[in-house]
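Here are the chains, one letter per residue:
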Amino acid sequence: MIAAQLLAYYFTELKDDQLKKIDKYLYSMRFSDETLKDVMNRFRREMENGLGRDTSPTATVKMLPTFVRSIPDGSEKGDFIALDLGGSNFRILRVKVTQDKKQPVQMESQVYETPDDIIHGSGTQLFDHVADCLGDFMEKQKIKDKKLPVGFTFSFPCAQSKLDEAVLLTWTKKFKASGVEGMDVVKLLNKAIKKRGDYQADIMAVVNDTVGTMMTCGFDDQRCEVGIIIGTGTNACYMEELRHIDLVEGDEGRMCINTEWGAFGDDGSLEDIRTEFDREIDRGSINPGKQLFEKMASGMYMGELVRLILVKMAKEGLLFEGRITPELLTKGKIETKHVSAIEKTKEGLKKCMEILTRLGVEPSEEDCLAVQHVCTIVSFRSANLISASLGAILSRLKDNKGVARLRTTVGIDGSLYKMHPQYARRLHKTVRRLVPDSDVRFLLSESGSGKGAAMVTAVAYRLTEQARQIQQTLAEFRLGKTQLLEVKKRMKMEIERGLKKDSHKEATVKMLPTYVRSTPDGTENGDFLALDLGGTNFRVLLVKIRSGKRRTVEMHNKIYAIPIEVMQGTGEELFDHIVHCISDFLDYMGMKSARLPLGFTFSFPCYQTSLDAGILVTWTKGFKATDCEGEDVVELLREAIKRKEEFELDVVAIVNDTVGTMMTCAYEDPTCEIGLIAGTGSNACYMEEMKNVEIVEGNEGRMCVNMEWGAFGDNGCLDDIRTIYDQAVDENSLNEGKQRYEKMCSGMYLGEIVRQILIDLTKRGFLFRGQISETLKTRGIFETKFLSQIESDRLALLQVRAILQQLGLDSTCDDSIIVKEVCGTVSRRAAQICGAGMAAVVDKIRENRGLDHLDVTVGVDGTLYKLHPHFSRIFHQTVKELAPKCDVTFLLSEDGSGKGAALITAVGCRQREQDGQKH
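Heads up: these notes are all about the structure in this document. (Residues numbered from 1 in each chain as written. Predicted model: local features only at pLDDT ≥ 70, side-chain atom pairs only at ≥ 80, totals over all residues. Heavy atoms only, no water.)

**So, helix H12 (residues 365-401)**
With 37 residues, H12 should reach 54 Å at 1.5 Å per residue; the first-to-last C-alpha distance of 53 Å fits that figure. The element H12 is extensively covered by neighbouring structure, given that 31 of its 37 residues are classed as buried. Two residues or fewer past H12, Gly402 is found with a positive phi of approximately 60°. (Helix = DSSP H or I, 4+ residues; strand = E, 2+ residues; numbered from the N terminus. Expected span 1.5 Å × (residues − 1). Buried < 20%, exposed > 50% of the residue type's maximum accessible area, 1.4 Å probe, protein only.)

Shown next as structure tokens:
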């Protein structure tokens, strides 16, 4: 018993001793994590060089754009053909992609031999051969009469400028067909097919086998955004943000980059970790100095590396008692499959004995142990190097996404990864150590490159079809100049109808007289009170206007809430509440005793009969107080002040916020004669000639007319440009059939139009994987401020995705691009039709005055105009195009409803004095 233990101990010692010797001997092939992290950082730098415009021409890692912009989303379907040319065998597949859950992909394939004389012959021969094989395949499948979409896996470095074009940079592996390098392989293949003339094929995509692997895995797992091949050769691809790819136009979305990482180190950047054996392999290869990383890590060279190490060790007497045989000295006698066999846990040593015996070196048990250890070191080094480069890709993905923890899937294919007994496990462990803040799933690709080409084609087919249908949907929102001129013409007609006495009653654009007869002239002076009632909040302001050389306006205000029970109670309660707030404000300002002139901004539709009389036509915005509609609101206010018996006020003017906006700007710029609100609602006013305002007596001078243009189109005159989405928004609104123009161009409704379009696109399977979330079904979820954020040029798609995620919409990159385009289209139309309305107004003023050319200023207020990134620019541009004889300046208004009301009151007081002097 003791003897057996001693023997075992002796063997273990011997084994450990032997292994330590080899570890020491091959010290330069064993890497610490520090070294691997260093390699990882070097590869990251190489990736950046390959992507940069100035650095890419000289970069060793080429980072080629593939024009594959999207991984499968599971909605692909169709019948496709895939060609797979990358080795001595050439495969053709027919791939049917269905929505059948059990078997979504059905494949039939056939392998055709590619003889050496063709591989080394002329390009014409090679592509004729491919076209002949394809013809034979289609014949057998009985599909010669169909023109099916074709995907072409062409596993050689190519430069692409679109998905269906690939210029061969250089042949690799054993290929050497003449006249192909520098040519577009799709053109060459199409030429060969055309020459036969007995079938048609639509080559939609050329892909590299690495991309094919990513796409195949992407069909099963939508998180897959990296593809790796670890076989005869090695390469990787991943989804990069388009904004980082200098060589491709545009910065929206992502694109798959084929790294061509086999060439990492060709500029000498890996010299410190290359060994004498690596240099010897390179010298004996068909492409010395090229693909140095691949030569250290891929299957094609692994057996040869092991052979070179064994030769050197034998020469130094460390193995086989120094025996060297002609077999051991023959290149290619140890293959990668032998390395895999030797490293098997159970029968590895037995296999090792067989293999070495065939080489005639008469190995001992110890020799076998040693050789097994050499194989382990060589294959482990390969796994470590691949892990470091993959780690660089994963850490870049993590940074691109700006997440604390990356969740992703890596699709893998290749004989070394699949056949070697320990390789996969080692790779996974090392990657997890090098990139600890990530959860990586490794997915083995089944029948990768062929099926992958079909997947790329299926995605391309889906995206082309989808893009066409989305564009068709959005085309209804894209108005040309002719249509916009038509909108302008109709607005002009409606303006006329509103001004004329006989048509005013039926007119949709009401053109209400405001009794504001002039804009400020700078002589306004005094203290004025302003009230602002237009929503759930109510403001009281004291405005001190001083004339003279240094004109100043000083304002003090206080905001009061209006409780819902007051909004919906009796009229008396509402006006008592308002007076109670005024009383509190006057106490606060210490001005109870003065009888101040007051301007009342009342932002509800009113019919005015004088500057200080306004009859409420109808409540809007959730107000429902009884006994107010049809009454003069100024009288209601005066009566409430009397009831209070605490102070007196002189109510001079009732003001619409649009007029207030014009007046505020006119105080700064005397040429301002138009007011525009482009915010939650939309409205405009302007100075019209008194003789045209037929419903008011008198023909002298001008009067500001409140257009109430939101109702433009309520008589159906805009129906030809309204879409089904506009109709849906109208049907779901509180005032169906009313304010149709406003519903197409004001902030309150734009988000709702977008939501209706998104629901439709989702139902048709173009968005959010066809899943309509509860959020998307909720009215009003898509606030206009989200449109402003989504359309901001500074926002990367990641941030758009973040906004959509806040809304509970789990969006992919492609979804975000579509949503951004929908938002842009809807807000562009809003700005354009608003501009067409404004063009009608400025032209009307120009014609009123019989001018060839008009210079005029528009005072503008409203959140849509102020906050949306593109609205104002498109609006200005439209006005300029549609009213070329007018030079229009736009001025942002400061507080039209407060300061504007005070100015109207001041101008009203001035008018009263002038009228008094006349009498």
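**Re empty space enclosed by the protein**
Going through the model one piece at a time under the given rule, you end up with four cavities of 30 Å³ or more. In this structure, the largest cavity occupies an estimated 100 Å³ of space. Residue lining of the largest cavity: 13 residues in total, with Phe604, Cys606, Gln608, Asn656 and Asn706 positioned closest to the centre. Those elements giving two or more residues to the lining of the largest cavity turn out to be strand E14 (512-513), strand E19 (606-610) and strand E21 (649-655). (1 Å grid on protein atoms, 1.4 Å probe; cavity = no way out; pocket = protein on both sides within 12 Å on 5 of 7 lines; lining within 4 Å. Points joined across faces, edges and corners; volume = space filled by probe spheres on them.)

**Considerations on the sheet that holds strand E23 (residues 682-689)**
Judged by pairing direction, the sheet is mixed, and its six strands sit side by side in the order E14-E24-E23-E22-E25-E26 without closing on themselves. The two strands at the open ends of the sheet, each matched to only one other strand, are E14 and strand E26 (886-892). For strand E22 (residues 672-678) and E23, the ladder comprises five bridges, and the chain directions are antiparallel. Pairing of Leu676 across the sheet is with Ala684, part of E23. Along the sheet, helix H27 (residues 813-848) makes contact with E22, E23, strand E25 (854-861) and E26, crossing E23 at roughly 5°. (Pairing = 2+ DSSP bridges. Contact = heavy atoms within 4.5 Å. Axes fitted to C-alpha atoms, helices over the stretch in contact; angles between N-to-C directions.)

**Focus: the pattern of salt bridges**
Any two side chains of opposite charge can pair, so long as their charged atoms come close to each other. Across all of its chains, the model carries 75 salt bridges by this definition. Salt-bridge contacts for Arg44 lead to Asp399; the nearest nitrogen and oxygen are separated by 2.9 Å. Here Arg44 is found in helix H2 (residues 33-51), whereas its partner Asp399 is found in helix H12, with 355 residues between them in sequence. Note on Asp399: relative accessible area 46%, which makes it partly exposed. Notably, a salt bridge pairs Glu241 with Arg243, separated by 3.3 Å at the nearest N-O pair. (Salt bridge = Lys/Arg side-chain N within 4 Å of Asp/Glu carboxyl O.)

**Things to note about the packing of aromatic side chains**
Tallied over the full model, the rule gives 25 aromatic pairs. Ring geometry for Trp709 versus Tyr741: centroids 5.4 Å apart, planes at 90°, classification edge-to-face. One end of the pair, Trp709, is in the loop between strand E24 (702-706) and helix H21 (724-731); the other, Tyr741, is in helix H22 (residues 740-745), and 32 residues separate them in sequence. The buried category is assigned to Tyr741, whose relative accessible area is 0%. Between Phe712 and Tyr741, the aromatic rings sit 5.1 Å apart at their centres with planes inclined by 65°, giving edge-to-face as the arrangement. Here Phe712 is found in the loop between E24 and H21, whereas its partner Tyr741 is found in helix H22, with 29 residues between them in sequence. Here Phe712 matches Tyr741 in class, with each residue buried. (Phe/Tyr/Trp six-rings, centres within 6.5 Å; stacked < 30°, edge-to-face > 60°.)

**Digging into the packing of H27 against helix H29 (residues 871-882)**
Contact geometry for H27 and H29: axes closest at 7 Å, N-to-C directions at 40°. The orientation of H27 relative to H29 falls into the category oblique. For the pair H27 and H29, the crossing hand works out as right-handed. Taking contact as the criterion, the partners of Ser827, Arg828, Ala830, Ala831, Gln832, Cys834, Gly835, Ala836, Met838, Ala839 and Asp843 in H27 are, on H29, Phe871, Ile874, Phe875, Thr878, Val879 and Leu882. When its residues are assigned to classes, the contact of H27 with H29 shows 11 nonpolar, four polar and two charged. (Parallel < 35°, antiparallel > 145°, perpendicular 65-115°, else oblique. Left-handed = near helix turned anticlockwise from the far one by under 90°. Nonpolar A, V, L, I, M, F, W, Y, C, P; charged D, E, K, R; others polar.)

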